[in-house]
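# A closer look at the structure
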Amino acid sequence: MTKTILRIDASARHDGSESRALTQRILDRLAPDEVINRDLAASLPAIDAEWLNANWTPEDQRSDAQRESLALSDTLIQEVKSADTIVIGAPIYNFGIPATLKTWVDQIARAGITFKYSESGPQGLMTGKRAIIAITSGGTQVGSDIDFASGYLRHVLGFVGITDVQFVAADQLAVDADASHAKADAALQALAA
């Protein structure tokens, strides 16, 4: 049973957004006790030199300005830590993920907090969680050679330790919307609560 879901919506649109509708359907299916909502439509600040310098400064040596620079990142990471399941609404824009979703990834992928480097390579620290990606597209087929979104999301979530990643895809909506919705319906019904 899913207790807490972090819902991330990355679509720039609110009205008529297929990915937002699909994330809602996933939440309805899973019926969580609590939902943490993170809407990326308003955008997040991109990481910059100040953020990077703060991130690489040992925590006990950070200035107030550096702590402030990392405050949003700390909040976003806490949202992931608080969730049993992360549901991400990810429309495919120009063969990849929206820039706002990439910015979210940049804000939560922090060495020593969500992953660490070891002698055998990077090791994710956000283990024991599941991610469900509601992925939508107008023409890009999920899993095809021109889909640079699904593989990236699976990889980066695994990088921070979330290896149980499932996709509910409504892809190629502009090609055959009925078939796309039917495929998403089948994937949705297969989700275990």
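Refer to the preceding data block for the structure.
Cut-off values and rules
Residues numbered from 1 in each chain as written. Predicted model: local features only at pLDDT ≥ 70, side-chain atom pairs only at ≥ 80, totals over all residues. Heavy atoms only, no water. Helix = DSSP H or I, 4+ residues; strand = E, 2+ residues; numbered from the N terminus. Rg over C-alpha atoms; globule rule 2.2 N^0.38 Å. Buried < 20%, exposed > 50% of the residue type's maximum accessible area, 1.4 Å probe, protein only. Contact = heavy atoms within 4.5 Å. Salt bridge = Lys/Arg side-chain N within 4 Å of Asp/Glu carboxyl O. Polar contact = N/O pair within 3.5 Å; in protein donor to acceptor, adjacent residues only side chain to side chain. Phe/Tyr/Trp six-rings, centres within 6.5 Å; stacked < 30°, edge-to-face > 60°.

## Re the overall build of the chain
Scanning the chain from N- to C-terminus turns up 7 helices and 7 strands. Moving toward the C terminus, one meets the helices and strands of the chain in the order β-α-β-α-α-α-β-α-β-β-β-α-β-α. A compact globule built from 193 residues should have a C-alpha radius of gyration of about 16 Å, and the chain, at 17 Å, falls within 12% of that. Projected onto its principal axes, the C-alpha coordinates of the chain cover approximately 55 × 35 × 35 Å. For the chain, the residues scored as buried account for 47% of the 193 residues in total. Look at the contacts in the chain between residues 6 or more apart in sequence, and 76% of them connect residues 24 or more apart.

## A few points about the pattern of salt bridges
In the structure shown here, the tally under the stated rule is 9 salt bridges. Note that D9 and R20 form a salt bridge whose closest N and O atoms lie 3.8 Å from each other. Separated by 11 residues along the polypeptide, D9 in strand β1 (residues 4–9) and R20 in helix α1 (residues 18–30) bring together distant segments of the chain. Classification of D9 as buried rests on a relative accessible area of 6%. The salt bridge partner of K183 is D171, with a shortest N-O separation of 2.7 Å. Of this pair, K183 sits in helix α7 (residues 177–190) while D171 sits in the loop between β7 (164–170) and α7, and the two are 12 residues apart along the sequence. Salt bridges sharing partners connect three or more residues here, namely R7, D9, R20 and D39.

## Section: the side chain of T23
Secondary-structure assignment places T23 in helix α1. Within the local environment of T23, its side chain forms a polar contact with the side chain of D9, the two groups lying 3.0 Å apart. Beyond its immediate sequence surroundings of up to four residues, T23 is in contact with R7, I8, D9, V87, I88, G89 and A134.

## Remarks on the side chain of D9
Polar contacts involving the side chain of D9 include one to the side chain of R7, which spans 2.7 Å. Non-local contacts of D9, meaning those with residues more than four positions away in its chain, are made with S19, R20, T23, R38, D39, L40, A41 and G89.

## Section: the packing of aromatic side chains
Each aromatic ring pair is specified by the distance between its two centres and by the angle formed by the two planes. Applying the stated criterion to the full structure yields 2 aromatic pairs. On the basis of an interplanar angle of 90° and a centroid distance of 5.3 Å, the ring pair of F115 and Y117 is categorised as edge-to-face. Ring geometry for F115 against F159: centres 4.4 Å apart, planes inclined by 45°, an arrangement best described as tilted. You can see F115 sitting in strand β4 (residues 115–118) and its partner F159 sitting in helix α6 (residues 150–159), a full 44 residues away along the chain. A relative accessible area of 5% means that F115 is categorised as buried. Owing to a relative accessible area of 23%, F159 belongs among the partly exposed residues under this scheme. Grouped by ring-pair contacts, the aromatic residues F115, Y117 and F159 constitute a single cluster.

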